[in-house]
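# Structural overview
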Amino acid sequence: MRDVAIVGAGMTRFGELWESSLRDLFVDAAVEALGSAGADHVDDLYVGNMSGGQFVGQEHLAPLMADHLGMAGIPATRVESACASGGAALRLGYMSVASGMADLVLVAGVEKMNDGADVTNVLASAADQETEVYYGITFPGLYAMIARAHMAKYGTTPEDLAWVSVKAHRNGAMNAKAQFRREVTVEDVMNSTMVADPLTLLECSPVSDGAAAVLLAPMDQASKYTDRPVRIRGIGQATSSMALADRKDLSKLDAVALAAERAYKASGITPRDVHVAEVHDCFAIAEICCIEALGFASEGEGKNAARSGMTALGGEIPVNTSGGLKSKGHPVGASGVAQAIEIFEQLRGEAGERQVEGAHIGLTQNMGGSGASSVVHIFERV
Ligand code: COA
C-alpha cells in the first residue's frame, strides 16, 4: 500500500444556495480543488451523495459530475452511506491511490437539500423503515431518544446540550463558508423552538446545500502539487444496528467506537495525540456521544466538555473548529469531505482566526443516520 496525501481542496459556502444547482455546486468545489493543486486531470472520481434522487430527482451522479467537470471518460463512482457518504467516499478514494490503481483521485461530496423536497421524510429514509419510520419517527426524534438515554444514565442536562451549540456557533461565526455566522448564548439555545424534546432548534443541524472536494495523490508525488501535503495516516470504518431498538445501550454509538478503534490501530495514534478534531454533531447530543466514543472524554463525561472549555478553541482538544454541522451547515453527502478540508487547513496552518496553534495530528469522524455507519480518518502534517 502506498502512503496517500491530500494535495488540494475546495468547497462552496454552505447554506440555502438557491442560485446553484446540484451540478453547479459540485463543479465549483471540484474546480477549486484542482486549481489549488495546479492539476488539470484526475484518474478517478468518487462522489459522496446521500440522496440526489429524492432531493432533486437526480440519480446516476458519477458520470453526470465527471461530464460537467469536462472529464467524461474517467472512471467515476457515486458513494452512499447516508450522512457518512462523504467520509465513505474519501475512504474509497484513499484505497484507489493506496492500491496503485490511480495516481490522482478527486473525492467530492455534494448535496442540494433546499429545492422543494420533503426533507424530513427524505432524511428519514436513512433510518429503519419497518421498525422506526413507519411509526412516524424523524431524525430529530431519534437523536432526542439518544439524548434522553444519556440524560437518564449520566445526568446530562439541557444546559450541557446547549453549550455544544454555543461553542459551534462561536467557531462558525469565524468561518466565511458557514451557513450561520452568528454567536448564540445558552439562553438563546434553550429558549429556541422545541423540535424534539429535549432538542431545540439551535441544537439541530440545518437543512443545507453545498459541496466539498479534496484531491488525493501518492505521498511520493505530492510535491508536484503542493509544498504542504497532509498525509492520511489511518482510516477506520464500521457499522452498527440500524434500529435504535436493537441497540443494547442507546447512549453509546458503537459504530463510532469501532471505527475509531480501527483508525487508531491503523495509524498508531491514540486519542491523546490528536490536536484537533471534526466530529459529526448533527444534533448537540451527537457531539457528546461521539467524543466519548472517540476516547476524548471518558464514558458519561462528554457532557462537560463544551461547558468546561475542553473542546473549545484553546482547550485541551478543540472539536469542530469549523463550526461543525450545527453552524457551518450539513449538506449531508458533503459533510464528511468538508470535515477533512477543515483538518487539511488546520494542519497547514491556514485556518485563520480558528487556527489551533501547533496542530499536526487531526481527526475526522463522519456518521450515517442515527449512527449505523461511521468513518474515522486520522491526518498528519508532513
Ligand atoms: N439552526 C439554526 N437556525 C435554524 C435551523 C437550525 N438548525 N434551522 C432553521 N433555522 C432558522 C432559519 O434560518 C429560519 O430563520 P429566519 O426566520 O431568521 O429566516 C428559522 O430558523 C426557521 O427556519 P425553517 O426553515 O422554517 O425551519 P424548519 O422548522 O423548517 O426546520 C429543523 C428546522 C430543525 C426542523 C430543520 O433544520 C431540520 O430538520 N434539521 C435537522 C436536519 C437533519 O436531521 N439532518 C440529518 C441529521 S442525521
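### Some words on the packing of aromatic side chains
- Going through the model one piece at a time under the given rule, you end up with three aromatic pairs.
- Note on Tyr134 and Tyr135: the rings are 5.0 Å apart at their centroids and 85 degrees apart in plane angle, and the pair reads as edge-to-face. Here Tyr134 and Tyr135 have matching classes, each one exposed.
- Feature note: the residues Phe139, Tyr143 and Phe283 constitute an aromatic cluster, connected by ring pairs.

### Considerations on the sheet that holds strand S2 (residues 44-48)
- Taken together, nine strands build an open sheet; the order of strands is S3-S2-S4-S7-S1-S8-S11-S10-S9 and the sheet is mixed. Lying at the two open borders of the sheet, with one neighbouring strand each, are strand S3 (76-79) and strand S9 (276-278). Shown here is a sheet whose adjacent strand axes are inclined to one another by a mean of 25 degrees, direction ignored.
- Pairing of strand S1 (residues 4-11) with strand S7 (residues 209-218) involves seven bridges; the strand directions are antiparallel. Bridging from a neighbouring strand, Ala5 pairs with Ala217 of S7.
- Against the sheet, helix H13 (residues 335-347) touches S1, strand S4 (105-112), S7, strand S8 (230-239), S9, strand S10 (361-368) and strand S11 (373-381), its axis set at about 170 degrees to S10.

About the cut-offs
- Residues numbered from 1 in each chain as written.
- Predicted model: local features only at pLDDT ≥ 70, side-chain atom pairs only at ≥ 80, totals over all residues.
- Heavy atoms only, no water.
- Phe/Tyr/Trp six-rings, centres within 6.5 Å; stacked < 30°, edge-to-face > 60°.
- Buried < 20%, exposed > 50% of the residue type's maximum accessible area, 1.4 Å probe, protein only.
- Pairing = 2+ DSSP bridges.
- Helix = DSSP H or I, 4+ residues; strand = E, 2+ residues; numbered from the N terminus.
- Axes fitted to C-alpha atoms, helices over the stretch in contact; angles between N-to-C directions.
- Contact = heavy atoms within 4.5 Å.

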